[in-house]
Amino acid sequence: MDGEISPDEVKELLEDDADVRIVDIRDERSFEHSHIPDSENIPFDQLMDRLEELEGEDRIVTVCPHGKASVQAAQLIGTYEGTADARVESMAGGLDKYGLKFGLVREDDGGDDEVERESPF
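None of the values given here were measured: they were computed from a predicted structure. Residue indices begin from 1 for each chain and proceed along its sequence in written order. In keeping with the model being predicted, local features are shown solely for residues with a pLDDT of at least 70 and side-chain atom pairs are shown and tallied solely at 80 or more, while totals for entire chains, interfaces and linings include all residues. The basis for every side-chain value is the complete set of heavy atoms in the structure, and neither hydrogens nor water enter the calculation.

**A few points about the environment of Leu47**
To keep things clear, this is the line we draw: Think of it this way: any DSSP run of H or I at least four residues long counts as a helix, any run of E at least two long counts as a strand, and we number them from the N terminus. Contacts between residues were defined by any pair of non-hydrogen atoms, one from each residue, lying within 4.5 Å.
Structurally, Leu47 can be placed in helix H3 (residues 47-50). Note: C-alpha distance between Leu47 and Ile77 (30 residues apart in sequence) is 8.3 Å. Beyond its immediate stretch of four places on either side in the chain, Leu47 contacts Ile42, Ala73, Leu76 and Ile77.

Here it is as structure tokens:
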């Protein structure tokens, strides 16, 4: 693991269309409720079995509700041989901090994405 990254830096990476994979480690239901735009869901309990999906990536940022479990996920990803050359970071403060500052995507029944500035919790 290469340390932590701030929500501001994550937002900047997304706005710059940087080559980064944002991995949300919450359960599928929580992810469907709200998440960072362009992030993907790999629940923590499935991470070991799905590490190969991250193979060959240059930069990976893990996210969770408060920035604690994502540190463990980043450490796990960083130990995988297929991500040895990747920069692997955990987002400090988690989705709670990111959501309050920038908003999160909510998927509703209409299919349109909606960004709201609030905590996902």
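**Observations regarding the pairing of strand S5 (residues 87-91)**
To be explicit about the condition: Three labels apply to residues, based on accessible area from a 1.4 Å probe with only protein chains included: buried if under 20% of the type maximum, exposed if over 50%, partly exposed otherwise in between. Any two strands between which DSSP finds at least two bridges are classified as paired. Seen with its strands pointing away from the viewer, a crossover is right-handed when the path leading from the first strand over the helix to the second is clockwise.
The buried count for S5 comes to 4 of 5 residues, which makes it a mostly enclosed element. Examined bridge by bridge, strand S4 (residues 59-63) and S5 share 4 bridges and lie parallel to one another. Opposite Ile60, over in S5, you have Val88 as the bridge partner. Crossover connection from S4 via helix H4 (residues 69-79) to parallel S5: handedness right-handed.

**A few points about the packing of helix H1 (residues 7-15) against helix H5 (residues 94-102)**
What counts is decided by this rule: Lines fitted to C-alpha atoms define the axes, with helix axes restricted to the stretch in contact, and inter-axis angles between N-to-C directions lie between 0 and 180 degrees. Handedness of a helix crossing follows the sense of rotation of the near helix relative to the far helix, less than a right angle counterclockwise being left-handed and clockwise being right-handed. All residues other than Ala, Val, Leu, Ile, Met, Phe, Trp, Tyr, Cys, Pro, Asp, Glu, Lys and Arg, Gly among them, are scored as polar; the first ten of these are nonpolar and the last four charged.
Contact pair H1 / H5: the axes reach a minimum separation of 10 Å and the direction vectors enclose 65°. Crossing angle aside, the handedness with which H1 passes H5 is right-handed. Mapping the contact onto sequence places Pro7, Asp8, Val10, Lys11 and Leu14 in H1 and Lys97, Tyr98, Lys101 and Phe102 in H5. For the contact of H1 with H5, the residue count by class is 5 nonpolar, no polar and 4 charged.

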